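# Secondary and tertiary structure notes
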Amino acid sequence: MNSRKILLNNLLDIGGVGALNNFYSPNAVSYKGGLLYTRKLFKSYIEDGLIEKIEPIGKPMNKCREVFYCLTKNGARYIGRTDEYKYKKYQKSPHNVMHESMKFDVALSFLRYFPNCKFTFRYDSSFYGVQPDILVRIESTEPRQTTRFMLVEIERKKTVDRVFNEKIKRYELMFKAIGKNKSHNINQFIVLFVYADIWFDVFLRPQQYTDPVVINHIERISNLTRNLVIHYCKYLPENLYRFTGFHNFYRIHESVWLTPRGNRVQLNL
């Protein structure tokens, strides 16, 4: 499959919406180089009616980062997936753009770095009142293999205690309810917490992470994530939770995930 169709397939796979910044090239040396080919593709998609711009609410500071595009029905037809097309041209609040972009970065990384897995992404799931930012369904590849689910929480908060008190406690109640009602197989689930503090620029691409200021900030987020695990999560079930900093979104296939006991592991997909 050529790169022109790969990007459109990825766009449809993550929900049919994304910003140019989300589709940067991981192999590029520089930030500008990482977006050069993507800009050309997006321009040609628009000219051919394969994607449409979602008009932003207000005036975005950076169009590359904050303006989203959606796949059109012609775009779905071009990649042979018309039956999967859904209308997605809904305006997004400027107050939620950073969170939306983070979600798409993480979803795209699963597609890029686990190419042998078949994923389905949902952003509207609910389990006993808990609504994960992304429900990632990992389709079974063998007849007797059970389908697995990753519940991804994108946490951009000032302090890590809020992550524990506002989110993790609710997940523990959810798992208790599942166990009591026997509504799901708990062993099919794993919850992934992806953390950044409110000062980290989540629009930065990995090519920009070599800046000394960014390096220091990444180190701070890594320490905060470890503090979350050590001080709040060490008694959680080892098999149900994983934690990492958002700056690792392009390394999710590596040993960047912390278990509740503080061990660094890879995702076992």
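Residues numbered from 1 in each chain as written. Predicted model: local features only at pLDDT ≥ 70, side-chain atom pairs only at ≥ 80, totals over all residues. Heavy atoms only, no water.

## Side note on the sheet that holds strand β2 (residues 51-53)
The strand order across the open sheet formed by 3 strands is β1-β3-β2, and the pairing between neighbours is antiparallel. The open sheet has two edge strands, β1 (17-19) and β2, and neither has a second partner. Across this sheet, the average inter-strand angle for adjacent strands is 35 degrees, counted without regard to direction. In terms of strand pairing, β2 meets strand β3 (residues 68-71) through 3 bridges, oriented antiparallel. Across the sheet, residue Lys 53 finds its bridge partner in β3, namely Tyr 69. Against the sheet, helix α2 (residues 31-47) touches β1, β2 and β3, its axis set at about 100 degrees to β2. (Pairing = 2+ DSSP bridges. Helix = DSSP H or I, 4+ residues; strand = E, 2+ residues; numbered from the N terminus. Axes fitted to C-alpha atoms, helices over the stretch in contact; angles between N-to-C directions. Contact = heavy atoms within 4.5 Å.)

## A look at the packing of aromatic side chains
Overall, the coordinates contain 23 aromatic pairs when judged by the stated rule. For the pair Phe 42 and Tyr 69, a centre-to-centre distance of 5.3 Å together with 90 degrees between the ring planes defines the contact as edge-to-face. Of this pair, Phe 42 sits in helix α2 while Tyr 69 sits in strand β3, placing them 27 residues apart in sequence. Relative to Phe 189, the ring of Phe 149 lies with its centre 5.6 Å away and its plane at 25 degrees, an arrangement referred to as stacked. Note that Phe 149 is positioned in strand β6 (residues 148-156) and Phe 189 in strand β7 (residues 189-196), a separation of 40 residues in sequence. Grouping residues by exposure puts Phe 149 and Phe 189 together as buried. Members of the aromatic cluster, each reached through a chain of ring pairs, are Tyr 24, Phe 200, Tyr 209, Phe 246, Phe 249 and Tyr 250. Over the ring of Tyr 78 we find Lys 5, and its NZ or CZ is 5.0 Å from the ring centre. (Phe/Tyr/Trp six-rings, centres within 6.5 Å; stacked < 30°, edge-to-face > 60°. Buried < 20%, exposed > 50% of the residue type's maximum accessible area, 1.4 Å probe, protein only. Lys NZ or Arg CZ within 6 Å of the ring centre and 35° of its normal.)

## Considerations on unusual backbone geometry
A positive phi angle is found at Tyr 128, which is not glycine, with a value near 50 degrees. Mapped onto the fold, Tyr 128 is located in the loop between β4 (119-122) and β5 (134-138). Here Tyr 128 falls in the partly exposed class, since its relative accessible area comes to 40%. Located in the positive-phi region is Lys 182, a residue other than glycine, with phi close to 50 degrees. Take Lys 182: it is sitting in the loop between α6 (160-181) and β7.

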